[in-house]
Amino acid sequence: RDGGGMLHVPPGEFNLAPINLTSNLVLWLSKGTVLKASTDKEHLPILAPNPAYGPTYASMAEFQTQMRAQADLRDALPRYQSLLYGTGLQNVTITGENGTLDGNGVVWWSRWLKEPLLGRPHVIEFEMSSDILLRNVTILNAGFWAIHLWRCVYVTVQFATVLVVPWDPPVRPTNTDGINPDSSKHVLIEDSYFQTGDDSVAIKSGWDCFGR
């Protein structure tokens, strides 16, 4: 009646387009599960710019004037959707037996160095959501920030592992933060391990004068 339920993912590697999460959901990743993010730009949904990261543009043509290789525009441009994404949700758990979410980041790191790009995808992103639990999961090679929490409340992250591997990758893993609570409150992060190409945890409130 209220939607949601438990989705139990068995062991194995699964190549996936972005997934829209729903409220009242438990996503259980078995031992040996790998959910690997697609990097095919033609088939990735594009999200609107985050209003806390830049001005509003009238058209895609205006956005394109800001696109250039190695642009550090964060979520100010339209961005490719995260592997796991939810907005306006309640009561979502991502957990299990330390399964892996693989952002396939080396593709995005290479593109960022060479191509004008829309915003690179996070691995997990929640916006305006509450009562979120991320527990006992590994996030590998994020294309951008591994976990982004924007305007969320009551979030717990426990026993998470966020990795860039190898430690000295052949392509620079730019902006691969671990967990970024952004304009959020009542966020607990504990007993977690980070090996990233940037910040482990960065507390944000948007970007410069656009922040909220």
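Structure: see above.
Residues numbered from 1 in each chain as written. Predicted model: local features only at pLDDT ≥ 70, side-chain atom pairs only at ≥ 80, totals over all residues. Heavy atoms only, no water.

Engineer: Can you walk me through the overall build of the chain in this structure?
Structural biologist: Check the secondary structure of the chain and you find 2 helices and 19 strands. Here the chain, with 212 residues, has 51% of them falling under the buried criterion. Restricting to contacts in the chain with at least 6 residues of sequence separation, those with at least 24 account for 68%. Accessible surface computed for the chain: about 9,800 Å², of which carbon and sulfur atoms make up 51%. (Helix = DSSP H or I, 4+ residues; strand = E, 2+ residues; numbered from the N terminus. Buried < 20%, exposed > 50% of the residue type's maximum accessible area, 1.4 Å probe, protein only. Contact = heavy atoms within 4.5 Å. Areas by Shrake-Rupley, 256 points an atom, 1.4 Å probe, with all protein chains shown as cover.)

Engineer: How should I be thinking about the pattern of salt bridges in this particular structure?
Structural biologist: As a working rule, side chains carrying opposite charge can pair if their charged atoms are close by. Counting across every chain of the model gives 3 salt bridges. Glutamate 125 is the salt-bridge partner of arginine 79, the closest N and O atoms lying 3.1 Å from each other. On the criterion of sequence distance, the pair formed by arginine 79 in strand S7 (residues 79-80) and glutamate 125 in strand S11 (residues 124-127) is long-range, its members being 46 residues apart. Where salt bridges share partners, they join Arg79, Glu125 and Glu127 into one cluster. (Salt bridge = Lys/Arg side-chain N within 4 Å of Asp/Glu carboxyl O.)

Engineer: Looking at this model, I keep getting lost on the packing of aromatic side chains. Mind explaining?
Structural biologist: Given two aromatic rings, one states the distance between the centres and the angle between the planes to describe the pair. Using the criterion set out here, one finds 2 aromatic pairs in the structure. A ring pair is formed by tyrosine 80 and tryptophan 108, whose centres lie 5.2 Å apart and whose planes are at 40°; its orientation type is tilted. Pair noted here: tyrosine 80 is in strand S7 and tryptophan 108 is in helix H2 (residues 105-114), with a separation of 28 residues, a long-range link. A relative accessible area of 8% places tyrosine 80 in the buried class. Judged by relative accessible area, which is 0%, tryptophan 108 ranks as buried. Ring geometry for phenylalanine 144 against tryptophan 145: centres 4.8 Å apart, planes inclined by 15°, an arrangement best described as stacked. Here phenylalanine 144 and tryptophan 145 have matching classes, each one buried. A cation over an aromatic ring shows up here: arginine 111 above the ring of tryptophan 108, its NZ or CZ 4.8 Å from the ring centre. One residue, arginine 151, lies across the ring of tryptophan 150, its end atom 5.4 Å from the ring centre. (Phe/Tyr/Trp six-rings, centres within 6.5 Å; stacked < 30°, edge-to-face > 60°. Lys NZ or Arg CZ within 6 Å of the ring centre and 35° of its normal.)

Engineer: What is the right way to look at the environment of glutamate 125 in this model?
Structural biologist: By relative accessible area, glutamate 125 is classed as buried at 1%. C-alpha of glutamate 125 to C-alpha of alanine 146: the two residues are 21 residues apart in sequence and 8.3 Å apart in space. Discounting residues that sit within four places of it in the chain, glutamate 125 has contacts with Leu47, Asp75, Arg79, Ser82, Leu84, Tyr85, Gly86 and His148.

Engineer: How do you make sense of the sheet that holds strand S1 (residues 5-9) when you look at a structure like this?
Structural biologist: Hydrogen bonding along the main chain pairs the strands of a sheet, whether they run parallel or antiparallel. Taken together, 6 strands build an open sheet; the order of strands is S1-S4-S9-S12-S15-S18 and the sheet is parallel. This sheet does not close on itself; its edge strands, each paired only once, are S1 and strand S18 (185-190). Across the sheet, the mean angle separating the axes of adjacent strands is 5° when strand polarity is ignored. Pairing analysis gives 5 bridges linking strand S4 (residues 25-29) to strand S9 (residues 90-96), with the strands arranged parallel. Residue pairing across strands places leucine 27 opposite isoleucine 94, the latter belonging to S9. (Pairing = 2+ DSSP bridges. Axes fitted to C-alpha atoms, helices over the stretch in contact; angles between N-to-C directions.)

Engineer: Where do I start with unusual backbone geometry in this structure?
Structural biologist: Generally, phi is negative for residues other than glycine and the peptide bonds are trans, each holding for most cases. Of note, the bond from valine 165 into proline 166 is cis; its omega dihedral lies within 30 degrees of zero at -5°. The residue proline 166 is located in the loop between strand S16 (161-163) and strand S17 (179-182) in this model. Unusually for a residue other than glycine, histidine 186 sits at a positive phi of about 55°. By the secondary structure assignment, histidine 186 is in strand S18.

Engineer: Honestly, the environment of phenylalanine 159 in this entry has me stumped. Any pointers?
Structural biologist: Looking at the secondary structure, you find phenylalanine 159 in the loop between strand S15 (153-158) and S16. On the basis of relative accessible area, phenylalanine 159 is assigned to the partly exposed category, the value being 35%. When near neighbours in sequence (up to four residues on either side) are disregarded, phenylalanine 159 contacts Arg135, Asn136, Val137, Glu190, Asp191 and Ser192.

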